[in-house]
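# Secondary and tertiary structure notes
Below, each chain spelled out in residue letters.
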Amino acid sequence: MTGLAALAAACRRAGCPAAEGEPMGRHTTFRIGGPADLFLRPRSAAQAAALAAQARALGVPVLFLGRGSNLVVADEGFRGAVVTLEEVAGEGPRLAADGLVDCPAGVNLAALCKFAAAQGLSGLEFAYGIPGSLGGGVFMNAGAYGGELGQVVEQVDFWDEEGRPHTLAGAALGFSYRHSWFAGHPGCLIAGARLALCPGDPAEIAAKMEEHLRARREKQPLDYPSAGSAFKRPAGAYAAQLIDSCGLKGLRVGDAMVSEKHAGFIVNCGRATCADVRELVEQVRAAVQARTGYLLECEIKFV
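Keep in mind that what you see is a predicted model, and the values were worked out from it rather than measured.

Further remarks concern the sheet that holds strand S3 (residues 62–65). Consider a sheet: its strands pair through backbone hydrogen bonds, and that pairing is either parallel or antiparallel. Overall, mixed pairing links the four strands, which are arranged S1-S2-S5-S3 in an open sheet. Both outer strands of the open sheet, strand S1 (18–23) and S3, are each paired with one neighbouring strand and no more. If you compare each strand with its neighbour and ignore which way they point, the axes differ by 35° on average. Here four bridges tie strand S2 (residues 35–40) to strand S5 (residues 78–84), and the two strands are oriented parallel to one another. Within S5, the residue paired with Leu 38 across the bridge is Ala 81. Its contacts with the sheet place helix H1 (residues 3–14) against S1, S2 and S5, and it is angled at close to 30° to S2.

On to unusual backbone geometry, then. Of note in this structure, Arg 31 is not a glycine but carries a positive phi near 60°. Phi at Asn 141 is positive, roughly 50°, even though this residue is not glycine. Take Asn 141: its relative accessible area is 0%, and that puts it in the buried class.

As a further point, take the pairing of S2. Side-chain positions along a regular strand alternate between the two faces of the sheet. As defined by bridge partners, S1 adjoins S2 across five bridges and the pair is classed as antiparallel. Among the inter-strand pairings, Ala 19 is bridged to a residue of S2, identified as Phe 39.

This brings us to the pairing of strand S18 (residues 265–268). By the alternation rule, side chains of S18 split into Phe 265 and Val 267 and Ile 266 and Asn 268, which are all buried. Pairing between strand S15 (residues 226–229) and S18: two bridges, direction antiparallel. Looking at S18, one finds that Ser 226 is bridged to Val 267.

The next subject is the packing of H1 against helix H2 (residues 45–57). Taken N-terminus to C-terminus, the directions of H1 and H2 make an angle of 155°; their axes are 10 Å apart at the nearest point. For the element pair H1 / H2, the angle class is roughly antiparallel. Two packed elements cross with a definite hand, and for H1 against H2 that hand is right-handed. Residue-level inspection shows Leu 7, Ala 10, Cys 11, Arg 13 and Ala 14 of H1 in contact with H2, the latter providing Gln 47, Leu 51, Gln 54 and Ala 55.

Bringing the packing of aromatic side chains into the picture now. Counted under the stated rule, the structure contains three aromatic pairs. A ring pair is formed by Phe 158 and Trp 181, whose centres lie 5.4 Å apart and whose planes are at 50°; its orientation type is tilted. Here Phe 158 is found in strand S11 (residues 153–159), whereas its partner Trp 181 is found in the loop between strand S12 (165–169) and strand S13 (189–196), with 23 residues between them in sequence. Through pairs of rings, three or more aromatic residues link up here, namely Phe 158, Trp 181 and Phe 182. Taking NZ or CZ as reference, Arg 233 lies 4.5 Å from the ring centre of Tyr 177, over its face.

What follows covers the pattern of salt bridges. Scanning all chains against the criterion turns up 13 salt bridges. Measuring nitrogen to oxygen at the nearest pair gives 3.1 Å for the salt bridge that ties Glu 162 to Arg 164. The exposure class of Arg 164 is partly exposed, given its relative accessible area of 46%. Residue Lys 208 is joined to Glu 211 by a salt bridge in which the shortest nitrogen-to-oxygen separation is 3.9 Å. One end of the pair, Lys 208, and the other, Glu 211, are both in helix H5 (residues 202–219), three residues apart, so they sit about a helical turn from each other. It is possible to trace a salt-bridge network through shared partners that takes in Arg 94, Asp 102 and Arg 194.

Conventions we followed
- Residues numbered from 1 in each chain as written.
- Predicted model: local features only at pLDDT ≥ 70, side-chain atom pairs only at ≥ 80, totals over all residues.
- Heavy atoms only, no water.
- Pairing = 2+ DSSP bridges.
- Helix = DSSP H or I, 4+ residues; strand = E, 2+ residues; numbered from the N terminus.
- Axes fitted to C-alpha atoms, helices over the stretch in contact; angles between N-to-C directions.
- Contact = heavy atoms within 4.5 Å.
- Buried < 20%, exposed > 50% of the residue type's maximum accessible area, 1.4 Å probe, protein only.
- Parallel < 35°, antiparallel > 145°, perpendicular 65-115°, else oblique.
- Left-handed = near helix turned anticlockwise from the far one by under 90°.
- Phe/Tyr/Trp six-rings, centres within 6.5 Å; stacked < 30°, edge-to-face > 60°.
- Lys NZ or Arg CZ within 6 Å of the ring centre and 35° of its normal.
- Salt bridge = Lys/Arg side-chain N within 4 Å of Asp/Glu carboxyl O.

Below, the structure written as structure tokens:
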């Protein structure tokens with residue numbers, strides 16, 4: 001029995017749904033990606049961690065998936081097991097104490113922001129409209145409009161590669177611009193986080209959230225599939241401004257295009273492939289470096 005077959009059998013015994021050949025384009029906001037050998041929908045973080053540890057023991061590569069909002073999967077697909085926490089996101093966030101919110105990693109950021117606003121808790125307004133789950137947001141320290149998750153995340157519960165539970169808190173989380181401790185430990189599974197928020201007026205919080213969402217709709221190409229900002233902000237400059245100054249809006253490779261609305265976005269105009277996006281990223285980086293001296297760092301994760 002191959003490792004994949006043994007893992008599929010283990011999933012059946014554990015009552016974990018597992019699909020073979022699931023197209024990854026269905027699970028990424030870019031709508032790009034070939035089939036995964038196995039696509040697992042565990043019922044809990046503990047089950048996810050146990051199955052991931054078993055997969056590694058069988059020599060099967062593992063990819064943890066949130067909402068797929070910063071991910072481009074290869075056109076050939078993923079040779080291994082994709083593990084999603086979508087099935088456990090329904091547990092939802094809950095108040096742990098005054099100003100403290102505990103939330104499973106699979107919950108999308110929009111739902112978390114709405115929960116905080118309803119409780120009269122401020123600190124997450126910046127995150128409203130950021131696509132993706134809390135787990136993915138913690139992994140990359142997602143941020144916008146001057147805020148970052150690292151400013152409000154107090155501790156994170158996770159499982160290591162051997163399926164053992166741990167908690168990290170404070171400075172040990174290693175938050176910096178679009179980075180956390182987990183970025184250097186991708187084999188760990190983020191199970192949930194505790195956020196420390198501040199009391200505020202629910203109406204004012206909701207108004208600030210809507211203001212950010214309105215700005216996103218006005219400035220960003222939300223009518224096309226994308227992975228959000230394609231490049232990290234370089235020191236002393238802004239990626240979108242550099243790309244725009246080089247006249248690269250509208251540059252295309254196949255159906256992948258530098259957005260004509262916001263130069264910081266690469267969008268899928270129809271049938272873009274992973275290869276199209278990779279080539280366009282490299283063309284943009286080369287052009288910007290040649291004309292401005294800045295070497296842009298890609299924010300999109302290619303798998």
